[in-house]
Amino acid sequence: MFIRKLITTTAVAALSLSTAFAQDVQEIVNKASAAAYYQGEDGRAKVHMSIKDSQGRERTRDFVILRKDIDNVDNGEQRFYVFFERPADVNKTSFLVWKHAEADDDRWLYLPALDLVKRIAPSDERTSFVGSHFFYEDVSGRGPEEDNHVLEEETDDYYVVRSTPKDSSGVEFSSYKNWIHKATFIPVKTEYYDENGEAYRTYTALGVETIDGNPTVVKSSMADTRIGGVTEMVYSEVAYDTGLPEDIFSERYLRNPPRRELR
């Protein structure tokens, strides 16, 4: 009887410890998502994108990205608007995201050459963003609740968290690993793994600055060994809490961009 009681007590204690540990990991991931995508109530930046293929050939993109949090809640409802300025073949192309906390995000892409607003299906979220190594989902972020998380390692400077999708039908990876900076909760590196456990896609934060009191990634890269090459993004004129109106994040502004907010 004593042994049975001891085993039961030990099992309950282990379960409680496991649950508490899981909650701690979820808190780390939530903070990392907030640090990467929810600094301030809104944000604005100019972005220069350099796309290099496996042969070293380079293409560039220049765009402005606007972001608005709804109700100023971390990891909650959010809006993104991206307007392309250069080169000429993507000029006036625009991209809109309505990010939802507990449902699939809504995404639209406006193609000026066709005067066409294209709805991006959830199944296309993990496809190339305007020909780069970044995916559509990378632009607005992946929801923390979409995956199960395990703290694999803790160093003096980083939490190393492995995440596996709760629903694997909509993703091409089997898991991914984040190196999260302890002081800022900025994810400084992310590796995506295939079904064989091989890393094939790597995000790296190449530069971080404090802007308006917010630790901010100002240069990043994404490399993909399956197709070769790398895309780098450099952010400039970054600003937070600019008072962006919510109504500009609507489908009608895809064809008629909000010029004042984009300047």
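Just so we're clear, the structure is a prediction, and the values are computed from it rather than from any experiment.

(A) Quick peek at the nonpolar core. Phe63, Val82, Phe95, Phe129 and Val161 are the most contacted members of the largest nonpolar core, which totals 40 residues. The biggest single contributor to this core is helix H1 (residues 2-37), with 5 residues. Filtering out sequence-adjacent residues up to four positions away, Phe63 remains in contact with Ala45, Lys46, Val47, Met49, Val82, Phe83, Phe84, Glu85, Phe129 and Met233. By size, the runner-up hydrophobic cluster in this structure holds 14 residues, among which are Leu96, Val117, Leu244 and Phe249.

(B) Spatial organisation of the pairing of strand E5 (residues 106-111). With respect to burial, E5 is a largely interior element, 5 of its 6 residues being buried. Where strand E4 (residues 94-99) lies against E5, 5 bridges are found, and the strand directions are antiparallel. Among the inter-strand pairings, Val97 is bridged to a residue of E5, identified as Arg107. A loop of 6 residues connects E4 with E5, the two strands running antiparallel in sequence. As paired strands, E5 and strand E6 (residues 116-120) are joined by 5 bridges and run antiparallel to one another.

(C) Structural context of the pairing of strand E12 (residues 214-224). A large share of E12 lies buried, amounting to 9 of its 11 residues. Two strands pair when backbone bridges link them, and strand E11 (residues 199-211) and E12 are joined in this way by 10 bridges, in the antiparallel orientation. Its bridge partner lying in E12, Thr202 is registered against Ala223. Where E11 folds back onto E12 in an antiparallel hairpin, the turn is made up of 2 residues, including Asp212, whose phi is positive at roughly 50°. Both E12 and strand E13 (residues 230-240) contribute to a ladder of 5 bridges, which runs antiparallel. For Met222, the partnering residue across the bridge sits in E13 and is Thr231.

(D) Looking closely at the packing of aromatic side chains. Tallied over the entire structure, the rule returns 11 aromatic pairs. Centre to centre, the rings of Phe95 and Tyr136 are 5.3 Å apart; their planes meet at 55°, and the pair counts as tilted. Of the two residues, Phe95 is situated in strand E4 and Tyr136 in helix H2 (residues 136-140); the sequence distance between them amounts to 41 residues. When its relative accessible area of 9% is taken as the criterion, Tyr136 is described as buried. Here the aromatic cluster, defined as three or more aromatic residues joined through ring pairs, consists of Phe63, Phe84, Phe95, Phe129 and Tyr136. Cation over ring: Lys99 sits above Tyr37, and NZ or CZ is 4.8 Å from the ring centre. Positioned above the aromatic ring of Trp179 is the side chain of Lys189, whose terminal nitrogen or guanidinium carbon lies 4.8 Å from the ring centre.

The rules behind each value
Residues numbered from 1 in each chain as written. Predicted model: local features only at pLDDT ≥ 70, side-chain atom pairs only at ≥ 80, totals over all residues. Heavy atoms only, no water. Core = buried A, V, L, I, M, F, W, Y, C linked by side-chain atoms within 4.5 Å. Buried < 20%, exposed > 50% of the residue type's maximum accessible area, 1.4 Å probe, protein only. Helix = DSSP H or I, 4+ residues; strand = E, 2+ residues; numbered from the N terminus. Contact = heavy atoms within 4.5 Å. Pairing = 2+ DSSP bridges. Phe/Tyr/Trp six-rings, centres within 6.5 Å; stacked < 30°, edge-to-face > 60°. Lys NZ or Arg CZ within 6 Å of the ring centre and 35° of its normal.

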